[in-house]
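# Residue-level structure breakdown
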Amino acid sequence: MTTTASEIFTFLSGPTAFAAERHEISSAAFGDVRRSLRAIIMQLREGGDPEAIEISDRLRSHLSEWLTVPLPFNGTILSTLRTFGSPIEVGARWGRDIQSDFETALRAAEALQLVENPIRVTLRGVIRDLKTAGRDFKIYCHKTARPHFDSLAVAPANFSLGSGDFLHSVREYRDSNIFDTLIKVGPLRSWGWGSAPDAIKSAPRFGTMVQIVWAGCADEPGFGYDPASSLAEALVAGDPAGSSEEALVSRVAWTLRVTRSGDLGVAPTDSSAEQDDFQIFGRLNPTGVKRRALLVQIDSHHGILYPLHTHVLSFDPAVDARAAVWRRRPGEELHRGMFVARRLLRGVDLGGLHVEHDHYSQIWKFCLNEERYRNLDGLVNRLRAAGLDLTCLPAVIRNWCVASTTVIHAPHKSKHFELLIQVLGVGTDVKDESHASLVQWSRRAWDEIRRSRGEAIQAGLHGQEILDDQLLITLSNLLPSIRELAAREDGFSLVIPADHPVQGTVLFNKVAQIEEGFLAPDTELKVVRDLSTIEQWRA
């Protein structure tokens, strides 16, 4: 439903103009981080190497996040950069130019630990003034950014922020009451990191917007609808009054006030640090085939990327009819609180293992942990000598050691996993230490990992429309059992009884959140991934 200009006046009860305060912040040290990472990101993509592109996407995701949240300069940036390895390791793998930029980024990140993030300083002052004046305000941000706002200590009265002070979605914005001030950190973008509803400009439910951004981060061209543009265009065309429609729209005008602050005096003279990272990243040539996708988050750590407009087998506990189990489009018919259903049917080679049955992973993770604590450097050297030459191998090993949850943390590629098992030497039978025995154990362990990620589901059931139809009928007949399990658990498995034509197990996961703004290759779609992995595909 489109909100007209006259309707805007009705619910605002008076104001015919809206105020926008834009605070543009500069920082020489953070600018060095931006410039260096931007250069690394672009250089890594030039050769088309898959590993380089993967690292480039991860760096782009980190930088985009840092540009759109009030991140404390408490060592987070430095520790994140160190996970990519030492400068010597980076240089040996990617060359002297990238090593030089990486060293600059590390030095700048170390310097940031000595100062307060000026974005946080400005934001704290804005919130303090609004609280003191008794003004009703809302902060629009992604849910994952909320802890950065909660960590603000607003003196002198130590004002705290509550759930009522935040908006996290288009629906929450649309359903909110009228309020005085909207606070937004980062540029106005309709896609990806820091995205916000177009209605912020086209149908403001507030009188003033306070926007705090890093210098150089411009709003997305054409974001929302600028109600002042029609009047400006009419004046340029020599028609002071404008058409009747333009006259109506021009009554909703934005008054923009821009303030600039920060260590401008010591900023880089070439101003390259203040280029618009988002526009530069948007112009990067795509590598490989990627599709626009949305995230269906199934718990606090995991989610599934689905192509836009795809139909997902799902269960709606609020529907009493047989249509409770149906194929729905995420974000349109499939919403938070419903369940996605993932199929593990017999006749498909899924390894016969469940995520909770992580027999093999317990064995190799135990050995990996022992080797890691005994001699991490030696383990890294042995893995690289065997051919597993990942850039940030020490950090990757620590991630592989994390205990299994709904997925098993492990190498993303089967060849990397085989090399890991080969170096660890686990899986050989006591009575048969042959290479064949090791390979067989490795394959079984890899099947366990594939099961946890859901890759076997995608590979084994793609295109089986007849089977899908039969499964839909079967699940509809099992509705009482599904309802009973859904009432007790946010995630459960249903074993289909033997007297049904379709045999196997169906996994149900409650939808915690649905979010647009991702661009991912086909291999990353419709499979369970941890959220930290999914973030690299945020557009």
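Basis of the calculations
- Residues numbered from 1 in each chain as written.
- Predicted model: local features only at pLDDT ≥ 70, side-chain atom pairs only at ≥ 80, totals over all residues.
- Heavy atoms only, no water.
- Helix = DSSP H or I, 4+ residues; strand = E, 2+ residues; numbered from the N terminus.
- Buried < 20%, exposed > 50% of the residue type's maximum accessible area, 1.4 Å probe, protein only.
- Contact = heavy atoms within 4.5 Å.
- Areas by Shrake-Rupley, 256 points an atom, 1.4 Å probe, with all protein chains shown as cover.
- Pairing = 2+ DSSP bridges.
- Salt bridge = Lys/Arg side-chain N within 4 Å of Asp/Glu carboxyl O.
- 1 Å grid on protein atoms, 1.4 Å probe; cavity = no way out; pocket = protein on both sides within 12 Å on 5 of 7 lines; lining within 4 Å.
- Points joined across faces, edges and corners; volume = space filled by probe spheres on them.
- Nonpolar A, V, L, I, M, F, W, Y, C, P; charged D, E, K, R; others polar.

### Examining the overall build of the protein chain
Scanning the protein chain for helices and strands turns up 21 helices and 15 strands. Counting all 539 residues of the protein chain, 51% fall into the buried class. Counting only contacts in the protein chain whose residues sit at least 6 apart along the sequence, the fraction spanning at least 24 positions is 75%. Surface exposure of the protein chain reaches about 25,100 Å², of which carbon and sulfur atoms provide 51%.

### Remarks on the pairing of strand E8 (residues 302-307)
Summarising burial for E8: 6 of the 6 residues are buried, a large majority. Burial along E8 is two-sided: the residues His302, Ile304 and Tyr306 and Gly303, Leu305 and Pro307 are all buried. As paired strands, strand E7 (residues 290-297) and E8 are joined by 5 bridges and run antiparallel to one another. Within E8, the residue paired with leucine 295 across the bridge is leucine 305. Between the antiparallel neighbours E7 and E8 lie 4 residues.

### Examining the pattern of salt bridges
If the charged atoms of two oppositely charged side chains come close together, the side chains can form a pair. Per the stated rule, a full pass over the model turns up 24 salt bridges. Note that arginine 82 and glutamate 110 form a salt bridge whose closest N and O atoms lie 3.6 Å from each other. A residue pair is termed long-range when its members are at least 10 positions apart, and arginine 82 in helix H4 (residues 76-82) and glutamate 110 in helix H6 (residues 96-112) qualify at 28 residues. The shortest N-O distance in the salt bridge between aspartate 175 and arginine 174 comes to 3.9 Å. A network of salt bridges, in which partner residues are shared, links Arg22, Glu24, Asp219 and Arg260.

### Regarding the layout of surface pockets
Reported here for the second largest pocket is a volume of approximately 1,100 Å³. As for the second largest pocket, its lining consists of 36 residues, of which Ser169, Val170, Arg171, Ile514 and Glu515 are closest to the centre. For the lining of the second largest pocket, the elements supplying multiple residues, two or more each, are helix H9 (170-175), helix H10 (199-202) and strand E14 (513-521). Here the lining of the second largest pocket is composed, by residue class, of 13 nonpolar, 13 polar and 10 charged.

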